[in-house]
Amino acid sequence: MIKAVLWDVDGTILNFLVAEAAAIRKLFAEFHLGTCTDEMLGQYSAINVRYWQMLERGEMTKPQILVGRFAEFFAANGLPADVAEAFNAAYQIRLGDTICFYDHAEQTLKALQGKVLQCAVTNGTKLAQTRKLAASGLNELFDYIFISEEVGAEKPAIAFFDRVFREIGSFHQNEVLIVGDSLTSDMRGGENAGIHTCWFNPYHKTKDVDVRVDAEIDDIAAVTDVMRRLADV
Ligand SMILES: [Mg+2]
């Protein structure tokens, strides 16, 4: 029986792409960088994902990836790369301004409240995540919030999950489920921690990483069915 659910936040409960696009567009105007087109946003998103993967692999530090992604993006578009640091600092604040839930995410969290232990497990920065969790009301729905910057380790590192298990108390690995959109941080992290894994794949991407996925869903409401199914196994 599943007694605790570890929820990834960005790209799983909250539509990160919508928040990201709104924040970047606003900051392009504030920093007088001209217009950020849809094509440029797509390019930025791809760069951003690549930088976070470098962090997951331990190839760069968090400050390096946060500024580096914007420096590369600006340089690729003939914009001044030296504003990347100030831009990122403002972005950490702006990112919490736009809240967009995935369909059924908020309802599912509310329906499970009090029935299972619910924890946020996120690799975002403390500043951005704290603002976002407060603005969305999500901090009221979670029993625990684990932000990698505070934990001192990033998903998928086992050190991150060791800390989660230390804090939440005595749960058997078999009683814990992680739900997330990332194969390399959430599913890999769940595999490393020996817990059940549920991949939220709303855009039906190909599973291009060799990692254990116990359930795949494209709607967050299906998490309750997954929990029921795992209880029967
Ligand atoms: Mg995510």
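Since the model is a prediction, treat every value here as computed from it, not as a measurement. (Residues numbered from 1 in each chain as written. Predicted model: local features only at pLDDT ≥ 70, side-chain atom pairs only at ≥ 80, totals over all residues. Heavy atoms only, no water.)

Caption draft 1: The domain arrangement of the protein, seen in detail. Here the protein is described as being made up of domain 1 (4–15 + 101–232) and domain 2 (16–94). Every contact between the two is made by 20 residues of domain 1 and, on the other side, twelve residues of domain 2. Across the domain 1/domain 2 interface, buried area totals approximately 1200 Å², and carbon plus sulfur atoms make up 54% of it. Looking at the side of domain 1 facing domain 2, the largest losses of area belong to N15, T125 and E154, adding up to 38% of the total buried there. Taken together, the links from domain 1 to domain 2 amount to one salt bridge. Here E154 and K62 are joined by a salt bridge, their closest N and O atoms 3.4 Å apart. Put simply, domain 1 and domain 2 have eleven residue pairs in polar contact (both at pLDDT 80 or more) between them. Looking at the side of domain 1 that touches domain 2, the elements that each hand over two or more residues are α6 (126–136), α8 (148–151) and α10 (183–193). In terms of residue count, the dominant contributor to the side of domain 1 that touches domain 2 is α6 (four residues). (Domains from an automatic or database assignment. Contact = heavy atoms within 4.5 Å. Buried area = accessible area lost by both parts, 1.4 Å probe. Salt bridge = Lys/Arg side-chain N within 4 Å of Asp/Glu carboxyl O. Polar contact = N/O pair within 3.5 Å; in protein donor to acceptor, adjacent residues only side chain to side chain. Helix = DSSP H or I, 4+ residues; strand = E, 2+ residues; numbered from the N terminus.)

Caption draft 2: Structural view of the nonpolar core. Counting 29 residues, the largest nonpolar core has I24, F28, F70, F73, F74, F87 and Y91 as the members making the most contacts within it. Among the elements of the structure, α1 (16–30), α2 (38–56), α3 (62–76) and α4 (84–94) are those that each provide at least two residues to this core. The greatest single-element share of this core, amounting to eight residues, is contributed by α2. For F73, the residues in contact, after removing those within four places along its chain, are F28, C36, M40, Q43, Y44 and I47. Ranked by size, the runner-up nonpolar core spans 27 residues in total, among them L14, L138, F200 and I220. (Core = buried A, V, L, I, M, F, W, Y, C linked by side-chain atoms within 4.5 Å. Buried < 20%, exposed > 50% of the residue type's maximum accessible area, 1.4 Å probe, protein only.)

Caption draft 3: Examining the coordination of the magnesium ion more closely. Donor atoms from the polypeptide that coordinate the magnesium ion comprise D8 (OD), D10 (O) and D181 (OD), at 2.1 to 2.2 Å from the metal. Ordering the donors of the magnesium ion by residue number gives the pattern D-x1-D-x170-D. Taken together, the residues span a long stretch of sequence, with D10 in the loop between β1 (4–7) and α1 and D181 in the loop between β4 (176–180) and α10 at a distance of 171 residues. (Donors = N, O, S within 2.8 Å, 3.2 Å for Na, K, Ca; no water.)

Caption draft 4: Structural context of the environment of D8. Tracing the chain through its elements places D8 in the loop between β1 and α1. Since its relative accessible area comes to 5%, D8 is described here as buried. The sequence separation of D8 and G180 amounts to 172 residues, and the corresponding C-alpha distance is 4.9 Å. Each residue touching D8, except ones within four places of it in the same chain, is listed here: I13, V121, K155, V179, G180, D181 and D186. Side-chain polar atoms of D8 contact the side chain of T12, separated by 2.7 Å.

Caption draft 5: Focus on the pairing of β1. Along β1, one buried face is formed by A4 and L6 and the opposite face, lined by V5 and W7, is buried too. In the sheet, β1 pairs with strand β2 (residues 117–122) via four bridges, with the strands oriented parallel. Within β2, the position partnered with L6 by the bridge is C119. (Pairing = 2+ DSSP bridges.)

Caption draft 6: Fine view of the layout of surface pockets. Within this model, the largest pocket holds a volume of roughly 960 Å³. As for the largest pocket, its lining consists of 41 residues, of which D10, F16, V49, D181 and S182 are closest to the centre. A per-element tally of the lining of the largest pocket places α2 first, with six residues. A breakdown of the residues in the lining of the largest pocket according to their chemical character gives 15 nonpolar, 15 polar and eleven charged. Formed jointly, the lining of the largest pocket draws a minimum of three residues from each of two domains, domain 1 (4–15 + 101–232) and domain 2 (16–94). The computed volume of the second largest pocket comes to approximately 180 Å³. (1 Å grid on protein atoms, 1.4 Å probe; cavity = no way out; pocket = protein on both sides within 12 Å on 5 of 7 lines; lining within 4 Å. Points joined across faces, edges and corners; volume = space filled by probe spheres on them. Nonpolar A, V, L, I, M, F, W, Y, C, P; charged D, E, K, R; others polar.)

Caption draft 7: Inspection of the sheet that holds strand β6 (residues 215–217) at higher detail. With parallel pairing, the six strands of this open sheet are ordered in space as β3-β2-β1-β4-β5-β6. Lying at the two open borders of the sheet, with one neighbouring strand each, are β3 (144–147) and β6. Here the strands of the sheet are splayed against their neighbours by 20 degrees on average, with no regard to which way each runs. (Axes fitted to C-alpha atoms, helices over the stretch in contact; angles between N-to-C directions.)

Caption draft 8: Geometry of helix α11 (residues 223–232). Among all positions in α11, only V223, V226, M227 and L230 are buried. All buried residues of α11 fall inside an arc of 100 degrees around its axis, so they share one side. Exposed positions of α11 whose direction lies more than 90 degrees from the buried face are R228 and D232. Looking at the buried positions of α11, the neighbouring elements they touch are β1, α5 (105–112), β4, β5 (196–200) and β6. (Arc of directions from axis to C-beta.)

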